[in-house]
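Here is what each chain is made of, one letter per residue.
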Amino acid sequence: MSANSLEALASAGKGANTRTLLRVVILCLIAGAAVASRLFSVIRFESIIHEFDPWFNFRATKYLVANGFYKFWDWFDDRTWHPLGRVTGGTLYPGLMVTSGVIYHALRTLTIPVDIRNICVLLAPAFSGLTAFAAYLLTNEMTTTDSASAGLLAALFMGITPGYISRSVAGSYDNEAIAIFLLVFTFYLWIKALKQGSMLWGAMCALFYGYMVASWGGYAFITCLLPLHAFVLICMGRYSSRLYVAYCTWYALGTLASMQIPFVGFLPVKTSEHMPALGIFGFLQLVAFLSYVRSAIPGRQYQTFLWLFAGGTFAVALAGLVIATSVGIIAPWGGRFYSLWDTSYAKIHIPIIASVSEHQPTAWPAFFFDLNLLIWLFPAGVYLCFQNLADEHVFIVVYALFGSYFAGVMVRLMLTLTPVVCVAAALAISSVLDTYLVAKAPAPPQDLNAEEASEAPAKKASKGGLKSTSKPVVGVYSYISKGVVVAAMTIYLLLFVLHCTWVTSNAYSSPSVVLASKMPDGSQHIIDDYREAYQWLRQNTREDAKIMSWWDYGYQIGGMADRPTLVDNNTWNNTHIATVGKAMSSREEVSYPIMRQHEVDYVLVVFGALLGYSGDDINKFLWMVRIAEGIWPDEIKEREFFTPRGEYRVDGEATEAMKNSLMYKMSYYNYNALFPPGQAQDRVRGARLPDVGPTLDTLEEAYTSENWIIRIYKVKDLDNLGRDHSSAAAFERGHKKKKATKKRGPRVLRVE
Amino acid sequence: MAKNRNAARETTPSAAATTQASSTSTSSKPASAAPPASAATPVATAKSPSPLAATTSSNAAKHNNSWEQVVQNIASHYIKETPQRTKLLDAFMAFLVAVGALQFLYCVLAGNYPFNAFLSGFSATVGQFVLTAALRIQTTEANKSDFPAVSPERAFADFVFCSLILHFFCVNFIN
């Protein structure tokens, strides 16, 4: 908001110097606001890494800082995906870790001793400030006037819009933290290169594109958008040699740069996602050659030349494509990509992709929630781009179409839509304000002038082409209309700021590792079960004790407990995940051999029934069943976990398959000891549990956290006397019942 | 690089001078008449035979004829209108095309086993070709209006910078 009023002052400034100074100050303030609004989580909780993926990035960063770059590059991690291991150095996007490593070492050489954790936590807010600056630059390329109001507004929107904050609060140390800055900045450099037709800007664009490729898998968005823009320009008959220079420099250098990343490697010449860029590259060579020939010979001859040449090239290219595809040189499109076109594709074919909540299609309210007033200014901004359609405006239009589609398909791609929404909305608002404020005069003096010289501003405003201003109106009248419009815009913008702050503080600032709840008296109560359990693992188990859990918790166990895991959030091996799913959803007699084969020492489950924490494993259980069913359709059947009436139940009416599954047993083992007889209750699913809880033969309870959110079981060794586990356990129960109850005693909820 | 640029700066005016001199000396007779003549005479030659051919001979013959005409026109236009320096660039580009084609042929015939090596070699030629083409476009007089911000010296400096990046990536990728 400060941008607005200050902008009016800025145009009032007499010299260019004042304006530049004001712009710098405003941009600094915006960057400050962007950083500050992301610090809710640090202030409310602590400086901690959030969620799941960031824990892996954090662990990798620590490895990089400790062992140096070359070891990081060749890192083979034998502590994940036991017993397979993971070639971590070759299967990650190293940009994020290298960025924080460089910052860490730079600060060290400046003798500022700072913890690597704090760098990781604060990296995303710091880069959001830069993103705001990049949005300013990009928007300034769209406006022809030298007033930077649109740019400043775009910077402000980019800084505080929740759509971007959702992935960049302090502690959310994920690839998107730096990738959005790189995305916007690469687009800015592309526009710059295209406008000037300069190889230098093209090379800069390629370098930042390379950085983007090193940072985020979403680089494919740029890889597809720039060729699309070039193609649209050619189709509109706007081919120019500037386009040739910019695009070819970008593609030649950028593709080579992207191939330097081991994880990307040969993909740019092998997969279909990258083919549009290559195709347009070849196409531009042809167009350039043709346009040269056109300048050389008269039109009639050019036509015959064109037909022969184009026909020949088309035939050759078609033959080449057919051969390449049939031989199998070009890989077919990847599964994640198919799911972008057909939203139900993943649900049918790849449950592991569909099971991730951020891959779901976007709900309509999410657009308003994440973008607020920008979402209805967005079409207006795109319309304004049509009014003076230059090459760079075509880019915004293309980006808007492309981005809106993908944001509608996948929740997480809202992130790629946000920059263009900010730019377009800023264009719309600034054109409204420029029209109604008459940017030439400062705001307060203009109010005075408006009455005495009413005709002058009216004439000025008539340039804007708005009906109301072009009519000959009386001075007071226009003054009121101006005031109303400007006041309305001001109020909207203020509401936008309120909304952003509210959303940020309520929806996006929870670390999800630490949960917060309100006590009856309104004070905040911190639920810290995750860290409690991981700390227990760290202190009470052998250093190479293998932990089996669902893949969601793999990164956290690796990062916080520092123990080897079977599967984690890098879901590269579907079969291995299905194995874990099978172990979780089968009977104990089936699961035990699987766990022995994988040398599992402990099993970890997340259980929210006591607290009413809905993100627990029983709620995710159906995905485990589905994924296991994908590999072993004969042994695991999803239908068996539903009652005959099609209900998913956990109480006395649950199906046999459900009651006998390892996951169910581990979750509810001993749970009824907490309650008076017959009163055991599941607060997530609102079910009353049977009086007799499940029994476990092959596992023994090792640890249960304070609020029972995390339960850890130890896998029993083979029986000393060679009995199978169920008979051994039955023997124990039959003879030592008294002792067992004495040892256990009634379970009491610890309250502190 | 600094040396290179300096050299470029020094050579460009002299080279320009020499090329101008050479072009005027070698083609002094046509050059003086070339700009108006080349625009007019080929058109005349192209137009005068083609209606005749169309009326007298078959369709295919006309096609063939005009196609030859087109190629001839392009060649003559190229030889007459292109400055010496640009021709040098074109020779370099032709060389790059030859090298690239050779590598591709090898890849097709002998297999792409060190795929890294093939890719970096091939993309070095392609990239250098594209960069040279960009330099050629930027230094051509007729395109001046398209590039208000790029002087020939700036174009050459950009070209050197981009080539350095290109070859750095290629060497890094070659294994």
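Owing to the predicted nature of the structure, the values given are computational and were not obtained by experimental measurement.

## Some words on the overall build of chain A
Thought 1: Helix and strand counts for chain A stand at 36 helices and eight strands.
Thought 2: Looking at the 752 residues of chain A, the share that counts as buried comes to 53%.
Thought 3: Taking contacts inside chain A between residues at least 6 apart in sequence as the whole, the part at least 24 apart equals 71%.
Thought 4: Carbon and sulfur atoms make up 62% of the accessible area of chain A, which amounts to about 32,800 Å² in all.

## Considering unusual backbone geometry
Residues and elements named next belong to chain A.
Thought 1: For the bond from His82 to Pro83, the omega torsion is 0°, close enough to zero to count as cis.
Thought 2: In this model, Glu51 sits at a positive phi of 50°, which is unusual for a non-glycine residue.
Thought 3: By the secondary structure assignment, Glu51 is in the loop between α3 (40-44) and α4 (53-67).

## Considering the UniProt feature "transmembrane region" (unreviewed entry) in chain B
All names here are of chain B.
Thought 1: In this numbering, the UniProt entry assigns the feature "transmembrane region" (unreviewed entry) to residues 88-111 and 155-174.
Thought 2: The span residues 88-111 shows a helical share of 96% and a strand share of 0%, and its end C-alpha atoms are spaced 34 Å apart.
Thought 3: Structurally, residues 155-174 is divided into 95% helix and 0% strand, and its ends, taken at the C-alpha atoms, are 28 Å apart.

## A closer look at the packing of aromatic side chains
When we look at a pair of aromatic rings, we describe it by the centre distance and by the angle of the planes.
Residues and elements named next belong to chain A.
Thought 1: Applying the stated criterion across every chain, the model contains 58 aromatic pairs over all chains.
Thought 2: Look at Phe56 and Tyr555: their rings are 4.7 Å apart centre to centre, the planes differ by 20°, and that puts the pair in the stacked class. One end of the pair, Phe56, is in helix α4; the other, Tyr555, is in helix α29 (residues 554-561), with 499 residues separating them in the sequence.
Thought 3: You can call Phe56 buried: its relative accessible area is 6%.
Thought 4: Consider the rings of Tyr530 and Tyr613, whose centres lie 6.4 Å apart with planes at 80°: the pair is edge-to-face. One end of the pair, Tyr530, is in helix α28 (residues 529-540); the other, Tyr613, is in the loop between β4 (600-606) and α32 (617-631), with 83 residues separating them in the sequence. Across this residue pair, the class does not change: Tyr530 and Tyr613 are buried.
Thought 5: Of the aromatic side chains, those joined through ring pairs into one cluster are Phe187, Phe221, Phe395, Tyr399, Phe402, Tyr405 and Phe406.

## Points about the side chain of A:Ser37
All names here are of chain A.
Thought 1: Checked against the element boundaries, Ser37 lands in the loop between α2 (16-36) and α3.
Thought 2: Judged by relative accessible area, which is 15%, Ser37 ranks as buried.
Thought 3: A polar atom in the side chain of Ser37 sits 3.3 Å from the backbone oxygen of Ala34.
Thought 4: What Ser37 contacts, discounting residues up to four positions off in sequence, is Ile160, Ile165 and Thr504.

## Structural notes on the sheet that holds strand β8 (residues 710-715) of chain A
All names here are of chain A.
Thought 1: Spatially, β3-β4-β8-β7 is the arrangement adopted by the four strands of the open sheet, whose pairing is mixed. Each of the sheet's edge strands pairs with one partner strand only, and the pair in question is β3 (546-548) and β7 (699-704). With strand direction ignored, the average angle separating the axes of adjacent strands in the sheet is 30°.

## So, the nonpolar core
Thought 1: Formed by 235 residues in total, the largest nonpolar core has its most connected members in A:Phe157, A:Phe187, A:Tyr247, A:Tyr534 and A:Tyr671.
Thought 2: It is helix α10 (residues 176-196) of chain A that provides the largest number of residues to this core, a total of 15 residues.
Thought 3: Setting aside residues no more than four positions away along its own chain, A:Tyr534 makes contact with A:Tyr553, A:Gln556, A:Ile557, A:Met560, A:Ala561, A:Leu604 and A:Ile710.
Thought 4: Grouped together as the second largest cluster of nonpolar side chains are eight residues, A:Val293, A:Ile297, A:Tyr302 and B:Val70 included.

## What to know about the interface of chain A and chain B
Thought 1: Across the boundary between the two partners, chain A contributes 36 residues, which contact 44 residues of chain B.
Thought 2: For the pairing of chain A and chain B, the buried interface totals around 3,400 Å² over both sides, and the portion due to carbon and sulfur atoms is 75%.
Thought 3: The salt bridge involving A:Arg242 is made with B:Asp146; its shortest N-O contact spans 3.8 Å.
Thought 4: The interface formed by chain A and chain B contains seven residue pairs in polar contact (both at pLDDT 80 or more).
Thought 5: Those elements giving two or more residues to the side of chain A that touches chain B turn out to be α11 (199-215), α13 (241-259), α14 (267-270), α15 (275-296) and α16 (299-327) of chain A.
Thought 6: By residue number, the principal contributor to the side of chain A that touches chain B is α13(A), which donates eleven residues.
Thought 7: Grouping the amino acids of the side of chain A that touches chain B by side-chain chemistry returns 23 nonpolar, eleven polar and two charged.

## With respect to the state of the cysteines
Thought 1: Counted according to the given criterion, the structure contains zero disulfides over all chains.
Thought 2: Residue A:Cys28 stays outside any disulfide, its sulfur separated by 19 Å from that of A:Cys422, the closest cysteine.
Thought 3: Overall, the relative accessible area of 51% leaves A:Cys28 in the exposed class.
Thought 4: Here A:Cys248 stays free of any disulfide, with the sulfur of B:Cys162 as its closest cysteine sulfur at 12 Å.

## Some words on the pattern of salt bridges
Note on pairing: side chains with opposite charge can pair once their charged atoms come close.
Residues and elements named next belong to chain A.
Thought 1: A complete count under the given rule lists 29 salt bridges over all chains for this structure.
Thought 2: Where Glu392 meets Lys195, a salt bridge forms, and the shortest distance between an N and an O atom there is 3.6 Å. A residue pair is termed long-range when its members are at least 10 positions apart, and Glu392 in helix α22 (residues 391-409) and Lys195 in helix α10 qualify at 197 residues.
Thought 3: By relative accessible area, Lys195 is classed as partly exposed at 33%.
Thought 4: A salt bridge links Lys665 to Glu588; its shortest N-O distance comes to 2.8 Å. Within this pair, whereas Lys665 is found in helix α34 (residues 662-668), its partner Glu588 is found in helix α31 (residues 588-597), the two being separated by 77 residues in sequence. Across this residue pair, the class does not change: Lys665 and Glu588 are buried.

About the thresholds
Residues numbered from 1 in each chain as written. Chains lettered and ligands numbered in written order. Predicted model: local features only at pLDDT ≥ 70, side-chain atom pairs only at ≥ 80, totals over all residues. Heavy atoms only, no water. Helix = DSSP H or I, 4+ residues; strand = E, 2+ residues; numbered from the N terminus. Buried < 20%, exposed > 50% of the residue type's maximum accessible area, 1.4 Å probe, protein only. Contact = heavy atoms within 4.5 Å. Areas by Shrake-Rupley, 256 points an atom, 1.4 Å probe, with all protein chains shown as cover. UniProt positions renumbered as here; feature names shortened; annotations may be inferred. Phe/Tyr/Trp six-rings, centres within 6.5 Å; stacked < 30°, edge-to-face > 60°. Polar contact = N/O pair within 3.5 Å; in protein donor to acceptor, adjacent residues only side chain to side chain. Pairing = 2+ DSSP bridges. Axes fitted to C-alpha atoms, helices over the stretch in contact; angles between N-to-C directions. Core = buried A, V, L, I, M, F, W, Y, C linked by side-chain atoms within 4.5 Å. Buried area = accessible area lost by both parts, 1.4 Å probe. Salt bridge = Lys/Arg side-chain N within 4 Å of Asp/Glu carboxyl O. Nonpolar A, V, L, I, M, F, W, Y, C, P; charged D, E, K, R; others polar. Disulfide = S-S within 2.5 Å.

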